[in-house]
Structures are given as structure tokens and as C-alpha cells.
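# A closer look at the structure
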Amino acid sequence: MGELKDKAKGLANEAAGNVKQAVGKATDNERLRAEGAAQERKGEAQNLRGKVVGALGDKI
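Notes on the structure follow. Along each chain, residue indices are assigned from 1 in the same order as the chain's sequence is written. Selection of residues for local features in this predicted model requires a pLDDT of at least 70, selection of side-chain atom pairs for listing and counting requires 80 or more, and totals for whole chains, interfaces and linings are taken over all residues. Only hydrogens and water are set aside when side-chain values are computed; all heavy atoms of the structure are taken into account.

## Let's talk about helix 1 (residues 2-26)
For clarity, the threshold we go by: Numbering goes from the N terminus for both helices and strands, where a helix is a DSSP run of H or I of at least four residues and a strand is a run of E of at least two. Between the first and last residue of a helix there are one fewer steps than residues, each counted as 1.5 Å, and that sum is the expected span. For every residue, the accessible area (1.4 Å probe, protein chains only) is compared with the maximum for its type, and the residue is labelled buried under 20%, exposed over 50%, or partly exposed between those bounds. Whether two residues touch is decided by their heavy atoms; if any such pair falls within 4.5 Å, the residues are in contact.
The end-to-end C-alpha separation of helix 1 is 36 Å, in line with the 36 Å expected for 25 residues at 1.5 Å each. Those residues of helix 1 lying buried are Asp6, Gly10, Asn13, Glu14, Gly17 and Gly24. Contacts made by the buried residues of helix 1 are with helix 2 (30-56). Positioned one or two residues after helix 1, Asp28 has a phi angle of 60 degrees, which is positive.

What follows is the structure, encoded as C-alpha cells:
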């Protein structure tokens, strides 16, 4: 169950980060662009964690 939860959170954070970056770029708001990039990286890490948990299964 942890695998799907981590992947879902990761995808949501990636999407939100991409939106923040786009809005920041459109409004020339560097802070918002940076927040979006950080949130996207967080989502990528969560997604990777979900993949690792899925690959290892109950071994961890």
C-alpha cells in the first residue's frame, strides 16, 4: 500500500510544482518558480521511493 501512496503523492507534487513554475514564469515571479522547482523535485523523490518500496516489497 505504501508504494501506491508514495507514487500518488509524488505525482501530485510534481504536477503542483509544474503549475507553480508555469505561473511563476508567466508572472515573472522568481520565488514562485523556485518553489515550484523544489516541489517538483520532492515529487520525483516520492515517486522514486514508491518504486523502490514496490520493488522490495515486504523486505523493508
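## Side note on a nonpolar patch on the surface
Filter applied, for reference: Think of a patch as exposed residues, more than 30% relative accessible area, with no salt bridge, where like charges cluster within 9 Å and nonpolar side chains (Val, Leu, Ile, Met, Phe, Trp, Tyr) cluster within 5 Å. Methods summary: accessible areas were calculated by the Shrake-Rupley approach with a probe of 1.4 Å, and residue burial reflects only the protein chains presented. Salt bridge, as applied in this entry: a Lys or Arg side-chain nitrogen positioned within 4 Å of an Asp or Glu carboxyl oxygen.
Among the surface-exposed residues, Leu48, Val52 and Leu56 lie close enough to one another that they form a single nonpolar patch of about 250 Å² accessible area. For Val52, the location among the structural elements is in helix 2. Residue classification places Val52 among the partly exposed positions, given a relative accessible area of 40%.

## Considering the environment of Ala16
On the secondary structure map, Ala16 appears in helix 1. A C-alpha to C-alpha distance of 28 Å links Ala16 and Leu56, two positions 40 residues apart in sequence.

## What to know about the side chain of Asn13
Tracing the backbone shows Asn13 in helix 1. With residues near it in sequence (within four places) discarded, Asn13 still touches Gln39, Glu40, Lys42, Gly43 and Gln46.

## Examining the environment of Val19
Counting through the fold element by element, Val19 comes out in helix 1. Judged by its relative accessible area of 52%, Val19 is exposed. Once the C-alpha coordinates of Val19 and Arg33 are considered, the two residues, 14 residues apart in sequence, prove to be 9.2 Å apart.

Function-wise, these values are silent; they only describe arrangement.
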